[in-house]
There are 4 protein chains.
Amino acid sequence: MVTPAPDPIQAQLIAARRTQILDAAAKVFAEKGFHPTTIKDIAKEAGIADGTIYHYFENKGALLLGIFDHMRAAVTREVNFTTLDPDDLRGFLHAFISQPLQALHADRSELFRIILAEIMVNRDLRERYYQQMLEPTLALAEPIFARWVAQRRIKPLDMRLTLRAISGIIFGLILESIMGDTTLEARWDELPDFLTDLILNGLGSDQP
Amino acid sequence: MVTPAPDPIQAQLIAARRTQILDAAAKVFAEKGFHPTTIKDIAKEAGIADGTIYHYFENKGALLLGIFDHMRAAVTREVNFTTLDPDDLRGFLHAFISQPLQALHADRSELFRIILAEIMVNRDLRERYYQQMLEPTLALAEPIFARWVAQRRIKPLDMRLTLRAISGIIFGLILESIMGDTTLEARWDELPDFLTDLILNGLGSDQP
Amino acid sequence: MVTPAPDPIQAQLIAARRTQILDAAAKVFAEKGFHPTTIKDIAKEAGIADGTIYHYFENKGALLLGIFDHMRAAVTREVNFTTLDPDDLRGFLHAFISQPLQALHADRSELFRIILAEIMVNRDLRERYYQQMLEPTLALAEPIFARWVAQRRIKPLDMRLTLRAISGIIFGLILESIMGDTTLEARWDELPDFLTDLILNGLGSDQP
Amino acid sequence: MVTPAPDPIQAQLIAARRTQILDAAAKVFAEKGFHPTTIKDIAKEAGIADGTIYHYFENKGALLLGIFDHMRAAVTREVNFTTLDPDDLRGFLHAFISQPLQALHADRSELFRIILAEIMVNRDLRERYYQQMLEPTLALAEPIFARWVAQRRIKPLDMRLTLRAISGIIFGLILESIMGDTTLEARWDELPDFLTDLILNGLGSDQP
DNA sequence: CATGAATGAGCCTTCATTCAT
DNA sequence: CATGAATGAAGGCTCATTCAT
């Protein structure tokens, strides 16, 4: 296991090698799943020897954590609400829905599926996911929604349940897509607009 | 592997033994997860020998399928929209939300978590889940929602996306609860009412 | 790992299999040493599969412990001072010297060499050896020697050091023989008489 | 592997580096044992890189040989019968017993334990030990003892067995001490006097 | 049908050793 | 000469599955 070297060039090399290994692991995991994948598979994919992996990662589980962190960093980079205008209610909501929907779709979805499976099963990973992704997102959005309530721009609903419902939709749709729903697959790009309307206006007819 | 005997008493015994094994497996899986559980664990829990399990199930994977089918049957029994009055828009929606929320919660949630993990990873199981649970539910609700549209009681939105969004909420909230969200855990019973309102009326303020 | 069955026939079979494995292990250990020997080597020698060994022994180390216990039982059977006449000073001393010298020589010496090496290195085994072999022997002999002192048949020396010295001779000679000393090898059978005289009368000339 | 340089300064440096490595190895071996110690452990202890060790030693086994030689040199330095007065029978015997007892005790005993374990298992080391330590000592003492016999100061016993018995006592007591005998541990310093008397005068009472 | 001992393929991991820089 | 990243062989151990009793 390589400890971060003070030497910046060394650090660069180490980071590069770690990324190389993680990329290989991510690829093979996405194809075969976590458990069916052997260290040899990953090493072969990365073009290195089995043992080399253990210079950079404690064990197989650490690879998954590494991938998780990489993905989290990437998603966090892509999903960034701080640049949004909180006064633009519709725009904010649209972005709030659209960004995760895009981030966890497409080429990332296979890997996310595998990670999600392990999240379901691995307590560490589960807590990590909750504390580092779900909870921060909810915490970030809460004051913004609260302001809208104060401004009477949205109904004075319970914010915590509301936020969980909205993020739940996103989550649930990603899951349904993972399950193989072809309708969602085909019309993924319509979802942000559609959901924004649905959430804002509801399903019910205006006429009583 | 037991081939279905014509003898009804035999069949009874076989079914009982299968259930005994499946219950044991479900218990141990829920505690330890699928992969960490060994056949010996299950046999011990069921009070039988390892080999006996193979008289009733092809292999370890078949146990999970069996559990899945059992759970599906139970959920299907509990979640039954056919007895609902389709003219009671609010009541139907409430039940549509409430029933799965109850069915997959509580003492079943640990096992569901484990099965979900395998669903994510096992194509067979995934397709089975989609074809036998998700898709039928959507198919069942679609004409009912369509009728409401025709009656102008709900907005003429795209039904397929609408249904996926609504079931997505349910799915997503179960997931967030599995992730360990204590808010949802504590206020699980408020969800049906809350969600029914939210879905019907939306988040937006009435005042433009 | 097989737990002792209440069924006496089962117990017989289990004991037989354990012995079979232990004998195979002893043979290969004696030839190649403990560490260089693989589980596969032992399994092959025993004519069984690798995994079978783990039905009967926790791990490789348990094999060594098992061999150690077997050898201890055998040596204890052979080295038995309780049948000796404690009034026969010379006879007792002769037997006290002779028995271990015979027991740990010949076909047993190769295995003893290997076990001794692990004793040197493995704290558990070391304590086991001390508590189960060395100490009991010393404790057994002490009252007998004390009686001789009381009877003024031997000098009133410190009994504990005396006993350790005598057993030390035995131990040391076995070691020197293990080291490959050909003189000892060739004249092993002279040792009991020779040592009995030496210990009783000492080296010094009678004439001052 | 460094070939001896003709340059004396080079040779000095090489010797120093070898000693540095050997000291580090000795320390770690004494703490963890030979097999459990990795080259990395030793390199870390010595404050150098893994690879550097291989410039000075063929392989891991050579480190043990090197330590063995170092220890042998040190012991040989400390245990030196040539300066003793061979006419002082008691004094010589006392020193003959005392010196090894001191040399292989105290801070050296842990390392000796480890080396002894490898001696038991490694034929090369075993022969080296016998030929370079045990046999020379015996050979050295033999003429001296023979002279005493000629002078009728000791009994005309078989010298070869006598010497082996005496060195066996020393050897055996060191072993018993290694085994964890607390009596010996506590009274180690009494041994030389005690043993000298015992060996010279024997255990038997003077009165017939 | 029930049993559970036996099987053996296969995986993670370690670590002595090498060698390009 | 020093470095330490890379290598890859090897081994202990697990466990799903089989099958003789």
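Residues numbered from 1 in each chain as written. Chains lettered and ligands numbered in written order. Predicted model: local features only at pLDDT ≥ 70, side-chain atom pairs only at ≥ 80, totals over all residues. Heavy atoms only, no water.

(A) Seen up close, the overall build of chain A. Along chain A, the regular secondary structure elements total 10 helices and 0 strands. For chain A, the C-alpha atoms occupy an extent of roughly 70 × 40 × 25 Å along the three principal directions. The burial tally for chain A puts 50% of its 208 residues in the buried class. Restricting the contact set of chain A to residue pairs at least 6 apart, pairs at least 24 apart contribute 66%. When the accessible area of chain A is evaluated, it comes to approximately 9,700 Å², of which 53% is carbon and sulfur surface. (Helix = DSSP H or I, 4+ residues; strand = E, 2+ residues; numbered from the N terminus. Buried < 20%, exposed > 50% of the residue type's maximum accessible area, 1.4 Å probe, protein only. Contact = heavy atoms within 4.5 Å. Areas by Shrake-Rupley, 256 points an atom, 1.4 Å probe, with all protein chains shown as cover.)

(B) Examining the relation of the copies chain B and chain A more closely. When chain B is fitted to chain A, the best match, at an RMSD of 0.2 Å, comes from turning it 179° and sliding it 0.0 Å along the axis. Both copies of the chain, as the preceding transformation shows, are related through a two-fold rotation axis. Both copies share a contact surface, since 100% of the interface residues of chain B are interface residues in chain A too. (Least-squares fit on C-alpha atoms with pLDDT ≥ 70 in both.)

(C) Summary view of the protein's contact with DNA strand E. Of all residues adjacent to DNA strand E, which total 29 residues, the nearest are Tyr54(A), Thr52(B), Arg17(C), Thr52(C) and Tyr56(C). Sugar plus phosphate, as a fraction of atoms of DNA strand E within 4 Å of the protein: 67%. Between Ala49(B) and DNA strand E, the recorded distance is 3.2 Å, taken from a backbone N or O atom to a phosphate oxygen. Elements supplying a minimum of two residues to the surface near DNA strand E: helix H3 (50-56) of chain B, helix H3 (50-56) of chain C together with helix H3 (50-56) of chain D. (Near = heavy atom within 4 Å. Polar contact = N/O pair within 3.5 Å; in protein donor to acceptor, adjacent residues only side chain to side chain.)

(D) Structural context of the interface of chain B and chain A. On the chain A side, the residues contacting the 56 residues of chain B number 56 residues. When the two sides are added together, the surface that chain B and chain A hide from each other amounts to roughly 5,100 Å², 69% of it contributed by carbon and sulfur. The interface formed by chain B and chain A contains 4 salt bridges. Where Arg164(B) meets Asp181(A), a salt bridge forms, and the shortest distance between an N and an O atom there is 2.8 Å. At the junction of chain B with chain A, the criterion picks out 32 residue pairs in polar contact (both at pLDDT 80 or more). (Buried area = accessible area lost by both parts, 1.4 Å probe. Salt bridge = Lys/Arg side-chain N within 4 Å of Asp/Glu carboxyl O.)

(E) Representation of helix H6 (residues 109-121) of chain D within the structure. For H6(D), with 13 residues, the first-to-last C-alpha span of 18 Å sits near the 18 Å given by 1.5 Å per residue. Among all positions of H6(D), only Ser109(D), Leu111(D), Phe112(D), Arg113(D), Ile114(D), Ile115(D), Leu116(D), Ala117(D), Glu118(D), Ile119(D) and Met120(D) are buried. (Expected span 1.5 Å × (residues − 1).)

(F) A look at the pattern of salt bridges. As enumerated under the stated definition, the model contains 48 salt bridges over all chains in all. A salt bridge links Glu190(C) to Arg187(C); its shortest N-O distance comes to 3.1 Å. Residue class for Glu190(C) comes out partly exposed when judged on its relative accessible area of 37%. Across the salt bridge formed by Glu78(D) and Arg108(D), the nearest N and O atoms sit 2.6 Å from each other. Here Glu78(D) is found in helix H4 (residues 60-78), whereas its partner Arg108(D) is found in the loop between helix H5 (89-103) and H6, with 30 residues between them in sequence. Through salt bridges with shared partners, a single network forms among Asp69(A), Arg72(A) and Arg128(A).

(G) Main features of the relation of the copies chain C and chain D. When chain C is fitted to chain D, the best match, at an RMSD of 0.2 Å, comes from turning it 179° and sliding it 0.0 Å along the axis. An overlap of 100% is found between the interface residues of chain C and their copies at the interface of chain D, pointing to a shared contact surface.

(H) A look at unusual backbone geometry. Of note in this structure, Arg152(A) is not a glycine but carries a positive phi near 60°. Position of Arg152(A) relative to the elements: it lies in the loop between helix H7 (123-150) and helix H8 (159-178).

(I) Looking closely at the protein's contact with DNA strand F. In the vicinity of DNA strand F, 30 residues are found, and the nearest of them are Arg17(A), Thr52(A), Tyr56(A), Tyr54(C) and Thr52(D). A breakdown of the atoms of DNA strand F within 4 Å of the protein gives sugar and phosphate a share of 68%. One nitrogen or oxygen atom from the main chain of Gly51(A) is found 3.4 Å from a base nitrogen belonging to DNA strand F. Among the elements of the structure, helix H3 (50-56) of chain A, H3 of chain C together with helix H1 (8-32) and H3 of chain D are those that each provide at least two residues to the surface near DNA strand F. The biggest single contributor to the surface near DNA strand F is H3(D), with 5 residues. The residue makeup of the surface near DNA strand F, split by class, is 12 nonpolar, 12 polar and 6 charged. (Nonpolar A, V, L, I, M, F, W, Y, C, P; charged D, E, K, R; others polar.)

(J) Representation of empty space enclosed by the protein in the model. Summed over all chains, the structure comprises 4 cavities of 30 Å³ or more. Approximately 100 Å³ is the volume found for the largest cavity. Along its surface, the largest cavity is lined by Ala165(A), Ile166(A), Ile169(A), Leu198(A), Ile199(A), Ala165(B), Ile166(B), Ile169(B), Leu198(B) and Ile199(B). Of the volumes computed, that of the second largest cavity is approximately 70 Å³. Lining of the second largest cavity is provided by Ile169(C), Leu198(C), Ile199(C), Ala165(D), Ile166(D), Ile169(D), Leu198(D) and Ile199(D). Secondary-structure elements contributing two or more residues to the lining of the second largest cavity are helix H10 (191-201) of chain C together with helix H8 (159-178) and helix H10 (191-201) of chain D. Here the lining of the second largest cavity gets 3 residues from one element, more than from any other, and that element is H8(D). For the lining of the second largest cavity, the residue count by class is 8 nonpolar, no polar and no charged. (1 Å grid on protein atoms, 1.4 Å probe; cavity = no way out; pocket = protein on both sides within 12 Å on 5 of 7 lines; lining within 4 Å. Points joined across faces, edges and corners; volume = space filled by probe spheres on them.)

(K) Focus on the packing of helix H7 (residues 123-150) of chain C against helix H8 (residues 159-178) of chain C. Residue and element names in this part refer to chain C. The contact between H7 and H8 brings their axes to 9 Å, and the two run at 125°. In terms of orientation, H7 and H8 fall into the oblique class. The way H7 lies across H8 gives a crossing that is right-handed. Contact residues: H7 offers Tyr129, Tyr130, Leu138, Ala141, Glu142, Phe145, Ala146 and Val149, while H8 offers Met159, Arg160, Leu163, Arg164, Ile166, Ser167 and Phe171. Residue composition of the contact of H7 with H8, by class: 11 nonpolar, 1 polar and 3 charged. (Axes fitted to C-alpha atoms, helices over the stretch in contact; angles between N-to-C directions. Parallel < 35°, antiparallel > 145°, perpendicular 65-115°, else oblique. Left-handed = near helix turned anticlockwise from the far one by under 90°.)

(L) Spatial organisation of the interface of chain C and chain D. Taken together, the 56 residues of chain C in the interface contact 56 residues of chain D. Both sides of the chain C and chain D interface together cover about 5,100 Å² of buried area, and 69% of this is carbon and sulfur. Remark: the boundary between chain C and chain D carries 4 salt bridges. Notably, a salt bridge pairs Arg187(C) with Asp158(D), separated by 2.5 Å at the nearest N-O pair. Inspection of the chain C/chain D interface yields 32 residue pairs in polar contact (both at pLDDT 80 or more). Sorting the residues of the side of chain C that touches chain D by element identifies helix H6 (109-121), H7, H8, helix H9 (182-186) and H10 of chain C as the ones contributing at least two each. A total of 15 residues in the side of chain C that touches chain D trace back to one element, the largest contributor, which is H8(C). In terms of residue class, the side of chain C that touches chain D is made up of 30 nonpolar, 13 polar and 13 charged.

(M) Layout of the packing of aromatic side chains. All names here are of chain A. Across all of its chains, the model carries 28 aromatic pairs over all chains by this definition. Seen in terms of ring centroids, Phe29 and Phe34 are 5.1 Å apart; in terms of plane orientation they differ by 65°. Their pairing is edge-to-face. Comparing Phe29 with Phe34, the two get one shared label, buried. In this arrangement the basic side chain of Lys60 is found over the ring face of Phe34, its NZ or CZ atom lying 4.8 Å from the centre. (Phe/Tyr/Trp six-rings, centres within 6.5 Å; stacked < 30°, edge-to-face > 60°. Lys NZ or Arg CZ within 6 Å of the ring centre and 35° of its normal.)

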